[in-house]
Amino acid sequence: MIKLKSLVICVFMMFICATVFAQQKVAIFLEAPLTFCNDEKVHTMVDEKAQLIFTKDKFDILPLSDSLSAIQLYREEHDMASVVSSGWSGYAVPMKKENVQEIGKNLACDYVFFVRLTNDVPRYSSGFMSVTAKTNITCDARVMNVAKGEYTFMKQILTEGKSTAIYMGAPSFEKAYFRAFEKALKDIKIDTNKI
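Predicted, not measured: the structure shown is a model, and the values here were computed from it.

Asker: Would you explain the nonpolar core in this entry?
Answerer: A general tendency of soluble globular proteins is for nonpolar side chains to be buried together. Judged by nonpolar contacts, the single largest core of 50 residues is most densely connected at Phe-29, Leu-30, Phe-54, Phe-113, Leu-117 and Ile-188. Ignoring any residue separated from it by four or fewer positions in sequence, one finds Ile-188 in contact with Lys-49, Ile-53, Phe-113, Cys-139, Ala-141, Phe-153 and Ile-157.

So, in structure tokens, the structure goes:
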């Protein structure tokens, strides 16, 4: 009888330890113009930021590439098609809170780290022997508790990026975009104890 009680207590303690020390799963979602959403550098930047926020001792992070596949499939099945118009490509319908929650549930995640990027039209200016491309990026960062369907963190960051070419060169809108995006990512600070 004592051995049975010891076994039951041991199994109970193992269950409690497994529950307490279980890592929570986080999916990374990105919504941006398709030119940048499909860019390897953007994936790396977002994945690295997520790893800084959601440490390995507490969280298991689903890579951005895995969640983007699930998002694309969800968009296709729910008629949320992409649009290509005048050199711009993106999604005609942004994801709503319930879309984010449903995809998070489908991926069996506890949290979703959701980053939405929008930008204005590139602006160009010239000076003596130089040309500059500028753009503003709005980075909308959120964390959703999937079980509750509520955002536990929200921050909107507006940054400007620019690229200058001197003499006969041409400025790069892409460099301006990445510089603005890097600034925005640096400004995202999340206390995971409060989510």
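Asker: What exactly am I supposed to notice about helix α4 (residues 64-77) here?
Answerer: The periodicity of an α-helix, 3.6 residues per turn, causes residues three or four positions apart to be oriented the same way. In this model α4 runs 20 Å from its N-terminal to its C-terminal C-alpha over 14 residues, within 8% of the 20 Å that 1.5 Å per residue would give. Just downstream of α4 lies Asp-79, where phi reads positive at about 50°.

Asker: What is the right way to look at helix α6 (residues 173-186) in this model?
Answerer: Along its 14 residues, α6 runs 20 Å from first to last C-alpha, staying within 8% of the 20 Å computed at 1.5 Å per residue. For α6, the complete set of buried residues consists of Ala-176, Tyr-177, Phe-178, Ala-180, Phe-181, Ala-184 and Leu-185. Those residues of α6 that are buried are in contact with α2 (34-37), α3 (40-53), β5 (111-119), β7 (130-145) and β8 (150-166).

Asker: Can you help me understand the side chain of Asp-140 in this one?
Answerer: Mapping Asp-140 onto the fold places it in strand β7. Separated by 2.7 Å, the side chains of Asp-140 and Arg-142 make a polar contact. Apart from residues lying up to four places away in sequence, Asp-140 is in contact with Phe-114, Val-115, Arg-116, Lys-155 and Gln-156.

Asker: It is not clear to me how the pattern of salt bridges should be interpreted in this structure. Could you clarify?
Answerer: Two side chains that carry opposite charge are able to pair once their charged atoms sit near each other. This structure, assessed with the given rule, holds 8 salt bridges. Each of Glu-31, Arg-75, Arg-116, Asp-140 and Arg-142 takes part in salt bridges that share partners, so that together they form one network.

Asker: What is the right way to look at the pairing of β5 in this model?
Answerer: Both faces of the sheet carry side chains from a regular strand, because those side chains alternate between them. The element β5 is extensively covered by neighbouring structure, given that 7 of its 9 residues are classed as buried. Both strand β1 (residues 24-31) and β5 contribute to a ladder of 6 bridges, which runs parallel. Residue pairing across strands places Glu-31 opposite Arg-116, the latter belonging to β5. In this structure, β5 lies alongside β7, joined through 9 bridges in antiparallel fashion. Across the sheet, residue Arg-116 finds its bridge partner in β7, namely Asp-140.

Asker: In this structure, what is going on with the packing of α4 against helix α5 (residues 97-106)? I would like to understand it.
Answerer: When two helices pack together, their arrangement is given by the angle between the helix axes and by the axis-to-axis distance. Between α4 and α5, the least distance of the axes is 10 Å, while the angle of their chain directions is 125°. In terms of axis orientation, α4 runs oblique to α5. Classified by chirality, the crossing of α5 by α4 is right-handed. In this structure, α4 uses Ala-70, Ile-71 and Tyr-74 to contact α5, whose residues at the interface are Asn-99, Glu-102 and Ile-103. Classifying every residue of the contact of α4 with α5 gives 4 nonpolar, 1 polar and 1 charged.

Asker: Just checking my understanding: could you explain a nonpolar patch on the surface for this structure?
Answerer: The grouping of Phe-128, Met-129, Ile-166, Tyr-167 and Met-168 at the surface amounts to a nonpolar patch, some 720 Å² of accessible area in total. Along the chain, Met-129 turns up in the loop between β6 (123-127) and β7. What makes Met-129 partly exposed here is its relative accessible area of 41%.

Asker: Would you mind showing me how to read unusual backbone geometry here?
Answerer: Look at Ala-108: it is not a glycine, yet its phi comes out positive at around 55°. Backbone geometry at Met-129 places phi at a positive 65°, although glycine is not the residue there.

Asker: How do you make sense of the environment of Gly-149 when you look at a structure like this?
Answerer: Counting through the fold element by element, Gly-149 comes out in the loop between β7 and β8. Distance from Gly-149 to Val-100, taken between C-alpha atoms, is 8.4 Å for residues 49 residues apart in sequence. Setting aside its immediate chain neighbours within four residues, Gly-149 contacts Lys-97, Gln-101 and Met-144.

Criteria and cut-off values
Residues numbered from 1 in each chain as written. Predicted model: local features only at pLDDT ≥ 70, side-chain atom pairs only at ≥ 80, totals over all residues. Heavy atoms only, no water. Core = buried A, V, L, I, M, F, W, Y, C linked by side-chain atoms within 4.5 Å. Buried < 20%, exposed > 50% of the residue type's maximum accessible area, 1.4 Å probe, protein only. Contact = heavy atoms within 4.5 Å. Helix = DSSP H or I, 4+ residues; strand = E, 2+ residues; numbered from the N terminus. Expected span 1.5 Å × (residues − 1). Polar contact = N/O pair within 3.5 Å; in protein donor to acceptor, adjacent residues only side chain to side chain. Salt bridge = Lys/Arg side-chain N within 4 Å of Asp/Glu carboxyl O. Pairing = 2+ DSSP bridges. Axes fitted to C-alpha atoms, helices over the stretch in contact; angles between N-to-C directions. Parallel < 35°, antiparallel > 145°, perpendicular 65-115°, else oblique. Left-handed = near helix turned anticlockwise from the far one by under 90°. Nonpolar A, V, L, I, M, F, W, Y, C, P; charged D, E, K, R; others polar. Patch = residues over 30% accessible without salt bridge, like charges linked within 9 Å, V, L, I, M, F, W, Y side chains within 5 Å. Areas by Shrake-Rupley, 256 points an atom, 1.4 Å probe, with all protein chains shown as cover.

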